[in-house]
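Descriptive analysis of the structure
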Amino acid sequence: MTTILSIQSSVAYGHVGNSAATFPLMRLGVEVWPVLTVHFSNHTGYGAWRGPLMTAGDVADVILGIDERDVLHKVDAVLSGYQGAKEVGAEVLRAVELVKERNPKAIYCCDPVIGDVGRGVFVRPGIPEFMRDAVVPAAQIVTPNHFELDFLTGRHSETVAEIVAAADELRSRGPELVLVTSAVAQANSLTMLAVCSAGAWQVTTPLLDRTFTGSGDLTAAMFLAHYLETRDPGVAVGRTADVVYSVLKATTDAGSSELLLVGAQDEIVNPSHHFEAQQIR
């Protein structure tokens, strides 16, 4: 059984961070060990929220407790998302090192949460640079959105060719595989791209005219799960696009303000919509 140690934020109401990743991964049959970086009442997009921001010591204690059970060797991958402070990010990197000591075959997938098109940077000062300079080079897989890809590489990309070139630039800094989770390279559509040394693949889906909070967290989790199963970036990006679009379409049709992960859970294992991944390199 695939096992993922997922170090991310959590909310009681709604679906972002671990609250967007844990259930879908489990629905796919993946064992998930969630470690929380924050535990808020709801995501911050509502403008008001309550709950604690975990300290680096809190995160370290939870990781230590897991290690004391002598089970970290079972972990196939570490997945990280929103990191509330640089100190927490440093603890995530220490957790990755520890997991790799226990299982040298384990990989690290980083969703470098920094900001988004239209919103700009929405994390604390210092986090974007820490992601760029310390976290991304330590990861084997990174899953930036279009805005984050441009920030991390210092580029401005518009066409598919420019996005692939930016992904290659990011790979030159350490990661083996880059998944660009959402790029607007064509009118009325959204493009997802997977880029590695073996090639580049793109999947294009219709553009749903609304914003979703937590969709990037869902995308990173689904891609990691399917990549661990297949070790084929083209297959993984195709399956990921099928799941994510199907869930987002169901969410839109239901008029839900939060991802319809429970109500549309069958879309996770048997998506209603299918899109072909095209190898472009």
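Attention in this report is confined to the structure presented alongside it. Here the structure is a predicted model, which means the values were calculated and not measured.

**Details of the environment of Thr3**
Relative to the helices and strands, Thr3 is located in strand S1 (residues 3-11). The spatial distance from the C-alpha of Thr3 to the C-alpha of Ala77 is 6.9 Å, given a sequence separation of 74 residues. The contact partners of Thr3, leaving out residues within four places of it in the chain, are Glu31, Trp33, Lys74, Val75, Asp76 and Ala77.

**Details of the pairing of strand S4 (residues 107-110)**
Because side chains alternate across S4, one face comprises the buried residues Ile107 and Cys109, and the other comprises Tyr108 and Cys110, equally buried. Bridging between strand S3 (residues 77-80) and S4 involves four bridges; their strand directions are parallel. The residue bridging Ala77 from the neighbouring strand is Ile107, located in S4. On the question of chirality, the crossover connecting S3 to the parallel S4 by way of helix H3 (residues 86-102) is right-handed. Here S4 pairs with strand S7 (residues 141-142) via two bridges, running parallel. Within S7, the residue paired with Cys109 across the bridge is Ile141.

**Observations concerning the pattern of salt bridges**
Summed over the entire model, instances satisfying the criterion amount to ten salt bridges. Across the salt bridge formed by Arg102 and Asp67, the nearest N and O atoms sit 2.8 Å from each other. One end of the pair, Arg102, is in helix H3; the other, Asp67, is in helix H2 (residues 56-68), with 35 residues separating them in the sequence. A network of salt bridges, in which partner residues are shared, links Asp67, Glu101 and Arg102.

**Some points on the sheet that holds strand S10 (residues 199-206)**
Here nine strands make up an open sheet; going across it, the order is S2-S1-S3-S4-S7-S8-S9-S10-S11 and the pairing mixed. Among the strands making up the open sheet, the edge pair consists of strand S2 (31-40) and strand S11 (278-279). Along the sheet, helix H1 (residues 18-27) contacts S1 and S2; its crossing angle with S1, the most-contacted strand, is approximately 145°.

**A word on H3**
In this model H3 runs 25 Å from its N-terminal to its C-terminal C-alpha over 17 residues, within 8% of the 24 Å that 1.5 Å per residue would give. Those residues of H3 not exposed but buried are Val88, Gly89, Glu91, Val92, Leu93, Ala95, Val96, Leu98 and Val99. Looking at the buried side of H3, the elements it contacts are S1, S2, H2, S3, S4 and helix H4 (127-135).

**Quick look at the nonpolar core**
In terms of nonpolar packing, the biggest core is built from 46 residues, with Leu5, Ile7, Ile63, Val78 and Tyr108 touching the most fellow members. For this core, the leading source of residues is H3, giving seven residues. Discounting chain neighbours no more than four positions away, the residues touching Ile7 are Asn18, Val35, Thr37, Val59, Ile63, Val78, Leu79, Ser80, Gly81, Val92 and Ala95. Counting residues in hydrophobic clusters, the runner-up holds 41 residues, among them Ile4, Ile107, Leu208 and Met222.

**With respect to the state of the cysteines**
The full count for this structure, using the stated rule, is zero disulfides. There is no disulfide at Cys109, and the cysteine sulfur nearest it, in Cys110, is 7.4 Å away. By relative accessible area, Cys109 is classed as buried at 0%. Just so you know, Cys196 is unpaired, no disulfide at all, and the nearest cysteine sulfur is the one on Cys109, 14 Å from it.

**Overview of unusual backbone geometry**
Despite not being glycine, Asp70 has its phi angle at roughly 60°, a positive value. Here Asp70 shows up in the loop between H2 and S3. Looking at Asp70, the relative accessible area reads 57%, which means it is exposed. A positive phi is found at Arg231, a non-glycine position, where the angle reads about 55°.

**Some points on the packing of H1 against helix H7 (residues 215-230)**
For the pair H1 and H7, the least separation of the axes is 8 Å and the interaxial angle reads 35°. Considering the relative orientation of H1 and H7, their crossing is right-handed. Counted together, Ala20, Ala21, Pro24 and Leu25 of H1 and Asp217, Leu218, Ala221, Met222 and Ala225 of H7 form the full contact between these two elements. Its residues assigned to classes, the contact of H1 with H7 comprises eight nonpolar, no polar and one charged.

**Focus: the packing of aromatic side chains**
Counting across every chain of the model gives four aromatic pairs. Geometrically, the ring pair formed by Tyr13 and Tyr46 is tilted, given 6.3 Å between the ring centres and 55° between the ring planes. One end of the pair, Tyr13, is in the loop between S1 and H1; the other, Tyr46, is in the loop between S2 and H2, and 33 residues separate them in sequence. Its relative accessible area of 40% is what places Tyr46 among the partly exposed residues. Ring centres of Phe40 and Trp49 lie 6.0 Å apart, and the angle between their planes is 40°; this geometry places the pair in the tilted category. According to the relative accessible area criterion, Trp49 is partly exposed, its value standing at 39%.

Procedures and definitions
Residues numbered from 1 in each chain as written. Predicted model: local features only at pLDDT ≥ 70, side-chain atom pairs only at ≥ 80, totals over all residues. Heavy atoms only, no water. Helix = DSSP H or I, 4+ residues; strand = E, 2+ residues; numbered from the N terminus. Contact = heavy atoms within 4.5 Å. Buried < 20%, exposed > 50% of the residue type's maximum accessible area, 1.4 Å probe, protein only. Pairing = 2+ DSSP bridges. Right-handed = clockwise from strand over helix to strand, strands pointing away. Salt bridge = Lys/Arg side-chain N within 4 Å of Asp/Glu carboxyl O. Axes fitted to C-alpha atoms, helices over the stretch in contact; angles between N-to-C directions. Expected span 1.5 Å × (residues − 1). Core = buried A, V, L, I, M, F, W, Y, C linked by side-chain atoms within 4.5 Å. Disulfide = S-S within 2.5 Å. Left-handed = near helix turned anticlockwise from the far one by under 90°. Nonpolar A, V, L, I, M, F, W, Y, C, P; charged D, E, K, R; others polar. Phe/Tyr/Trp six-rings, centres within 6.5 Å; stacked < 30°, edge-to-face > 60°.

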